[in-house]
Amino acid sequence: QVQLVESGGGSAQAGGSLRLSCAASGYRYNGYCMAWFRQVPGKEREGVAWIDYDSSTSYERSVKDRFTISRDNAKSMLFLHMTILKPEDTAMYYCAAAPPGRYCHQTTHYGFDYWGKGTLVTISS
C-alpha cells in the first residue's frame, strides 16, 4: 500500500518560513512524480509545486521564487521549503504522487493517484 504522511505545518507570521515534509512508504518512490497541492474550504485543490523523477521542478506562479520543492530519493522524502510567507498561503497542504510514465509538471490534482491527509499552514498578517 502507498502511504504519504505530511508534517511541518503550523502557524507562522507573514514574511516567515516553514518547511513541509512528506514521508513516502509502500511503493517504489524513485520513479514517481511528486507534488504539493493546497486547498482552502470551498475552493478547488490547486497545485503548488511539482518535482519529477529527474528532479526537474515547476511551480505555481504565485509561489515561484518563494517556495522550493525538493526530494531525497534515498530516504523516500519530499520537501517544500516555504519562504516569504503571505496570508494567502494559508491552506491545507497535501503531498501527492503519480506513477512513472505520466506527465508531471503543472498537472492538476486529477493526475495524482496517491495523497497524504494534509498538514495545515496558517499565516497571519
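Up top is the structure.
Caption draft 1: Spotlight on the overall build of the chain. For the chain, the helix and strand inventory stands at zero helices and eleven strands. Across the chain, helices and strands are ordered from the amino to the carboxyl terminus as β-β-β-β-β-β-β-β-β-β-β. Expected size for 125 residues packed as a compact globule is a radius of gyration near 14 Å; at 13 Å, the chain falls within 12% of this value. Its C-alpha atoms put the chain at 40 × 25 × 25 Å along the principal axes. With 125 residues in all, the chain has 46% of them scored as buried. For the chain, restricting intrachain contacts to residue pairs at least 6 apart in sequence, the fraction spanning at least 24 positions comes to 60%. Per element, the accessible surface of the chain, about 6500 Å² overall, is 48% carbon and sulfur. Averaging the coordinates of the 13 positive side-chain charges in the chain and doing the same for the 11 negative ones gives two points 2 Å apart.

Caption draft 2: Region of the structure containing the sheet that holds strand E3 (residues 18-25). Across the sheet, which stays open at both edges, the four strands sit in the order E1-E3-E8-E7 with antiparallel pairing between neighbours. If you trace the sheet from one side to the other, it starts and ends with strand E1 (3-7) and strand E7 (67-72), each paired once. Direction aside, the axes of adjacent strands within the sheet are offset by 15 degrees on average. Pairing geometry for E1 and E3, over five bridges, is antiparallel. Residue Val-5 lies in a different strand from E3, and its bridge partner there is Ala-23.

Caption draft 3: Inspection of the environment of Leu-78 at higher detail. As for its position among the elements, Leu-78 is in strand E8 (residues 77-82). When the C-alpha positions of Leu-78 and Val-5 are compared, they lie 10.0 Å apart, and in sequence the two are 73 residues distant.

Caption draft 4: Layout of the pairing of strand E9 (residues 91-98). Where burial is concerned, most of E9 is hidden: seven out of the eight residues are buried. Of the pairings in the sheet, the one linking E9 to strand E11 (residues 119-124) comprises three bridges and is antiparallel in character. Pairing of Ala-91 across the sheet is with Val-121, part of E11. Sheet topology note: the E9/strand E10 (residues 114-115) ladder contains two bridges and is antiparallel. Bridging from a neighbouring strand, Ala-97 pairs with Tyr-114 of E10.

Caption draft 5: Quick peek at unusual backbone geometry. A positive phi angle, near 50 degrees, is found at Ile-84, a position not held by glycine. In this structure, Ile-84 sits in the loop between E8 and E9. Here the phi dihedral of Gln-106 falls at roughly 70 degrees; this positive angle occurs in a residue that is not glycine. Along the polypeptide, Gln-106 turns up in the loop between E9 and E10.

Parameters at a glance
Residues numbered from 1 in each chain as written. Predicted model: local features only at pLDDT ≥ 70, side-chain atom pairs only at ≥ 80, totals over all residues. Heavy atoms only, no water. Helix = DSSP H or I, 4+ residues; strand = E, 2+ residues; numbered from the N terminus. Rg over C-alpha atoms; globule rule 2.2 N^0.38 Å. Buried < 20%, exposed > 50% of the residue type's maximum accessible area, 1.4 Å probe, protein only. Contact = heavy atoms within 4.5 Å. Areas by Shrake-Rupley, 256 points an atom, 1.4 Å probe, with all protein chains shown as cover. Lys, Arg positive; Asp, Glu negative; His and termini not counted. Charge placed at Lys NZ, Arg CZ, Asp CG, Glu CD. Pairing = 2+ DSSP bridges. Axes fitted to C-alpha atoms, helices over the stretch in contact; angles between N-to-C directions.

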